Amino acid sequence: LVGGNWNQGAITEDGAAYVWGLNGLGQLGDGTVSGATCDEGFPCATTPQPLRGIPTAVRELALGLDTGYALDDDGRVWTWGGIGYG
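The text that follows walks through the structure, step by step, so that each part is easy to find. (Residues numbered from 1 in each chain as written. Predicted model: local features only at pLDDT ≥ 70, side-chain atom pairs only at ≥ 80, totals over all residues. Heavy atoms only, no water.)

## Overview of the nonpolar core
To be explicit about the condition: Buried Ala, Val, Leu, Ile, Met, Phe, Trp, Tyr and Cys residues that are joined via side-chain atoms within 4.5 Å together make up what is termed a nonpolar core. Burial status follows relative accessibility: with a 1.4 Å probe on protein chains alone, a residue under 20% of its type maximum counts as buried, one over 50% as exposed, and anything between as partly exposed. What counts as a helix is a DSSP run of H or I of at least four residues, what counts as a strand is a run of E of at least two, and both are numbered from the N terminus. Only heavy atoms matter for contacts: two residues are in contact if any of them lie within 4.5 Å across the pair.
With 11 residues, the main nonpolar core is built from Ala17, Val19, Leu28, Ala45, Leu51, Ile54, Val58, Leu61, Leu63, Ala70 and Trp80. In terms of residue count, strand 6 (residues 58-63) provides more of this core than any other element does, three residues in total. Excluding its chain neighbours within four sequence positions, the residues that come into contact with Val58 are Ile11, Gly15, Ala17, Ala70, Leu71 and Asp72.

## What about the layout of surface pockets?
In this approach a probe as big as a water molecule rolls over the atoms, and the regions it shows empty are the leftover space. Our working rule: Site definitions follow a grid-based scheme: protein atoms alone, a 1 Å grid, a 1.4 Å probe that fits but cannot get out for cavities, and for pockets an open set with protein on both sides within 12 Å along at least five of seven lines, plus lining residues having an atom within 4 Å of a point. Grid points are joined across faces, edges and corners, and a volume is the space filled by probe spheres set on the points. When residue character is reported, Ala, Val, Leu, Ile, Met, Phe, Trp, Tyr, Cys and Pro are called nonpolar, Asp, Glu, Lys and Arg charged, and the others, Gly included, polar.
The space that makes up the largest pocket amounts to roughly 260 Å³. Around the largest pocket, the lining residues are Trp6, Gly21, Leu22, Gly24, Gln27, Cys38, Asp39, Glu40, Phe42, Cys44, Ala45 and Asp66. Elements represented by at least two residues in the lining of the largest pocket include exactly strand 3 (17-22) and strand 5 (43-50). Among the residues making up the lining of the largest pocket, the classes are represented as six nonpolar, three polar and three charged.

## Digging into the environment of Thr12
Put simply, the rule reads: Identification of polar contacts relies on pairs of N or O atoms within 3.5 Å, with a donor-acceptor requirement for protein atoms, meaning one able to donate a hydrogen and the other able to accept it, and with residues adjacent in sequence counted only if both atoms are side-chain atoms.
Structurally, Thr12 is set in the loop between strand 2 (7-11) and strand 3. Taking the C-alpha atoms as reference, Thr12 lies 9.3 Å from Leu1; in sequence the two are 11 residues apart. Side chain to side chain, Thr12 and Asp14 meet in a polar contact 2.3 Å long.

## Observations concerning the state of the cysteines
Where we set the bar: In what follows, a disulfide is any cysteine sulfur pair within 2.5 Å.
In the structure shown here, the tally under the stated rule is one disulfide. Here Cys38 engages in a disulfide with Cys44; their sulfurs sit 1.3 Å apart. Looking along the S-S bond of the Cys38-Cys44 disulfide, the torsion reads about 50°, which is the right-handed sense.

## What to know about the sheet that holds strand 1 (residues 2-3)
Stated formally: Here, a strand pair is defined by DSSP locating no fewer than two bridges between the strands.
With antiparallel pairing, the five strands of this open sheet are ordered in space as 1-2-3-5-4. One side of each edge strand has no neighbouring strand; the edge strands of this open sheet are strand 1 and strand 4 (36-37). Pairing of strand 1 with strand 2 involves two bridges; the strand directions are antiparallel. Paired with Gly3 across the bridge in strand 2 is Gln8.

Coordinates in, geometry out; function isn't part of it.
Next up, the structure:
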C-alpha cells in the first residue's frame, strides 16, 4: 500500500497494481482525466482502479503530488499523471 498527496495505490501478490483518488491530471494511470466528482468538483475514483498499460507485473509503486511511478518485473519504469512538475 502506498499513499501520495491525492492518491493511494496497492500491488496485489500477482503484481497487478491499483490506484484510486483524484484524476484531474491523469493520476489514475488509466489514460483519462475523468471520473466521478469528489470534493471540490475534481474527477476521482473512490474505489481501486487497475493501472493499465504495463505488460508485466509491477514490483514497486510510488505516488507523488500529481504523478505516479511503477517499476515492472523487466526493470522498466513507467510514469503517468501531471507533467507540470517534470
